[in-house]
Amino acid sequence: MRTPCIKRDGDFKALVTQSTIFADKSLFIKDVIEENDTVLLLAMPRRWGKTVNLDMLRRFLTIPVNDDGERIDKSCTEDHKFFFGGQVYCGLRGELMLSPLKISETNLFGKTKASTVQGTYPVIYIDFKNCKSGSFDTVREGVKRVLNGCFKQHRYLEKSEYLDEEEKGKIKRYVGAISSKELDDDEIKSGLLFLSEMLYHHYGKTNVWILIDEYDAVANVAYRNFFEKDVDKTIELFAGIYENALKGNLYLEKGILTGVQYIAQSGMLSGLNNLGKFNFTNAKYAQYYGLDQGEVDVFFDHFKVSKPLGDKAKSWYNGYKVQKHNGYLSTSPQELVSKYNIWSIISYLKGGNFNCFKSHWEETGSIEFLEGLFTKREVREMVEKLVDGESISFVRIDDFSVGDFKQLKNMISGGKEISQDGLVVLFSYLLIGGYLTLDGHNQHSYRLPNMEIMHEMGKRLIKYYQYTCTVDLAMIQSAANVLQDIMSITNQELMQKRFNDFYDRFKEVICAVKLVGDKYEEGVFANEDVVHSLLNYIALQTQHTTFGSELYTTKLHSKQQGRADIKITNKDVGVIMEIKCVPLAHRNKNYMKEALEQAMSYRNLLDTQRNLFIAINVERSSHSPAERTIEILCASAIYDVQNVFGINTLGNSDTFGFNFD
């Protein structure tokens, strides 16, 4: 019995021959072949199976030939056996008997056996992933290398009896190690068109499939990082490649583009009028990407993952909502199914330690640009809301235009203002990238899909707060530990004792951070923002809690809208904090009482039976850090028992005149 294993590198042959289990997505081939559109654009998040599906399609379609380009019996080839079963040789692994895949039992267009179509088309396969670079010149050199590799797959054309000498000489120019580096822009743009024409003639006037992986990889980098002149040159180069290959190509059977997002309006695909676009919010093709619950259950059973650990893995890696698809008819938009991130599930299983849950998917990408945007209150508030498990609403952009990319770049590079349109662009970009998903309430409501993404977003927030607050992490963790203890205590006397400890720990933090002395120096709320960040930072360090910041709601016993500063909850306890930075000269005798009442007015944000409402004031007019003072007032409501306790600037117990009504 082979040890359970599964490949994840995008090679269909390796998946089939080196894995002891895999998800059979072969009916993807049927839907693609039967699709009415001549060119398909399939946009899915990173690491969701785009490359392996495209490689599977390539192996199904490709005419098998020897080194001279002469056809061979397809029934004897590995590619045929991958789909229809048979014995294949796997090197040191020896002989392996493969079972037929789902496509083997299928008729195409209702009448043609799949085995009849398999191995009957010339196929061009090209991947632009490794063309990403820092400038147009280096991108162009990368495209030349990729074209060279693409032509080498068909170098038998150099001696094809169906091509004339001029055509064979041109093939040699693309294949040559030196000559391919000398290709001009016109030759680059027309390369795939020329290759499709040569394959058409070599294979007896059989039309060609063109499969392009990572079609948008270069454009995404260029729009975010290049100077405008280089962006224009890059888009113009790729527009030429795609239009020549996919528009008006007399030798084209069908073209498939895969990538992360639609960027047709950016100009790169604007010339294609025969384009069908599908992303992971569309039912028909979303079923072939990621993993559904049934597939994951089979995987977990194969790897002997216990049900409790499987349930925990579900909270970590499941949660992407896609529209359910039944046959050729999509169901209503409200009927959604959950998907797992395939890369993360396979990485989790490959690790072997099924008690270990961590972020796998983000290791292959980056949202570090978000950290720079956290200085914008609007962005930070929305991300904090998402990390708290809540939803945000916006009308998403599916197809990014040049203006959208420019707006995104301006935000990332530190533009001062972020408009409402800018927020839509940013969060649409995160949605397309797989960081958000539909929440099922309506088509414009989105949330973080699972714990893996929450962990990553929370980690970015923590990093931002650590940078903003410049405080020793050990101090922060010490305060967080005490706060977490307070949330676990039901005894009022013990709670008050730990509350005194929190006062001491938080004062240490406050005395270690820089605060503004003059309230006009950085705006009226400058210090409040710093203290807010410190408390956010502390809250994010607590374990097994959810966190929210700047939450708008209607106040209790009032129709007035307000904003709760901080909310922390676990399964038993809810905490609302109200933050003030009132200098001595501006205080009145009721300021702490009023702050606590304000915190309590947001109790409708909590659905727990044990609640704490905390008002915190930090004096900002001290002459030195050591002289800073804080005051804390807390009201606890544990089931039917209510209590209030506080600590004044002198460190003495003080209720600041507050009483429960």
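Residues numbered from 1 in each chain as written. Predicted model: local features only at pLDDT ≥ 70, side-chain atom pairs only at ≥ 80, totals over all residues. Heavy atoms only, no water.

Draft legend 1. Focus on the pairing of strand E9 (residues 275–279). Most of E9 is tucked away, with four of its five residues classed as buried. Of the strand pairs in this sheet, strand E1 (residues 39–43) and E9 are connected by five bridges, and their pairing is parallel. When the sheet's bridge partners are listed, Leu41 is paired in E9 with Lys277. (Buried < 20%, exposed > 50% of the residue type's maximum accessible area, 1.4 Å probe, protein only. Helix = DSSP H or I, 4+ residues; strand = E, 2+ residues; numbered from the N terminus. Pairing = 2+ DSSP bridges.)

Draft legend 2. Here's a closer look at the sheet that holds E1. Sheet architecture is open: five strands sit in the order E6-E7-E8-E1-E9, paired in parallel fashion. The sheet is open, and its two borders are formed by strand E6 (123–127) and E9, each paired with just one other strand. Here the average twist between neighbouring strands, direction ignored, is 15°. In the sheet, E1 pairs with strand E8 (residues 252–259) via five bridges, with the strands oriented parallel. Among the inter-strand pairings, Leu42 is bridged to a residue of E8, identified as Thr258. Of the strands in this sheet, E1, strand E7 (208–213) and E8 are in contact with helix H2 (residues 27–34), which crosses E8 at around 125°. Strands in contact with helix H3 (residues 50–61) are E1, E6, E7 and E8; relative to E7, the strand with the most contacts, it is inclined by about 165°. (Axes fitted to C-alpha atoms, helices over the stretch in contact; angles between N-to-C directions. Contact = heavy atoms within 4.5 Å.)

Draft legend 3. Layout of the environment of Glu335. One can find Glu335 in the loop between strand E12 (329–330) and strand E13 (336–339). Those residues in contact with Glu335 that sit more than four places away from it in its chain are Val322, Gln323 and Lys324.

Draft legend 4. Region of the structure containing the sheet that holds strand E16 (residues 445–447). Read from one edge to the other, the open sheet built from three strands follows the order E14-E16-E15, with strand pairing classed as antiparallel. The sheet terminates laterally at strand E14 (392–393) and strand E15 (437–438), the two strands that pair on one side only. Bridge count between E15 and E16: two bridges; the pairing is antiparallel. Each residue of the ladder has a partner; that of Leu438, found in E16, is Tyr446.

Draft legend 5. Seen up close, unusual backbone geometry. You will see that Arg47, though not glycine, has its phi angle at about 60°, which is positive. As for its placement among the helices and strands, Arg47 is situated in the loop between E1 and H3. With a phi angle near 55°, Phe656 is a residue other than glycine that sits in the positive phi range. Looking at where Phe656 falls in the secondary structure, it is placed in the segment after strand E22 (641–647).

Draft legend 6. How the structure looks around the environment of Tyr464. With respect to the secondary-structure elements, Tyr464 resides in helix H19 (residues 451–469). Sequence separation between Tyr464 and Gly372 is 92 residues, and the spatial gap between their C-alpha atoms is 8.1 Å. In this structure Tyr464 touches Glu371, Phe374, Thr375 and Arg380, once residues within four positions along its chain are discounted. In this structure the side chain of Tyr464 is engaged in a polar contact, spanning 3.4 Å, whose partner is the side chain of Arg380. (Polar contact = N/O pair within 3.5 Å; in protein donor to acceptor, adjacent residues only side chain to side chain.)

Draft legend 7. Inspection of the pattern of salt bridges at higher detail. In the structure shown here, the tally under the stated rule is 28 salt bridges. For Lys30, the salt bridge goes to Glu34, with nearest N and O atoms at 3.0 Å. Of the two residues, Lys30 and Glu34 are both situated in helix H2; the distance of four residues between them amounts to about one turn of the helix. Close ionic contact of Arg505 with Glu508 constitutes a salt bridge, the shortest N to O distance being 3.3 Å. With Arg505 and Glu508 both in helix H21 (residues 492–512), this residue pair falls three residues apart, about one helical turn. By relative accessible area, which is 23% here, Arg505 ends up partly exposed. Judged by relative accessible area, which is 38%, Glu508 ranks as partly exposed. (Salt bridge = Lys/Arg side-chain N within 4 Å of Asp/Glu carboxyl O.)

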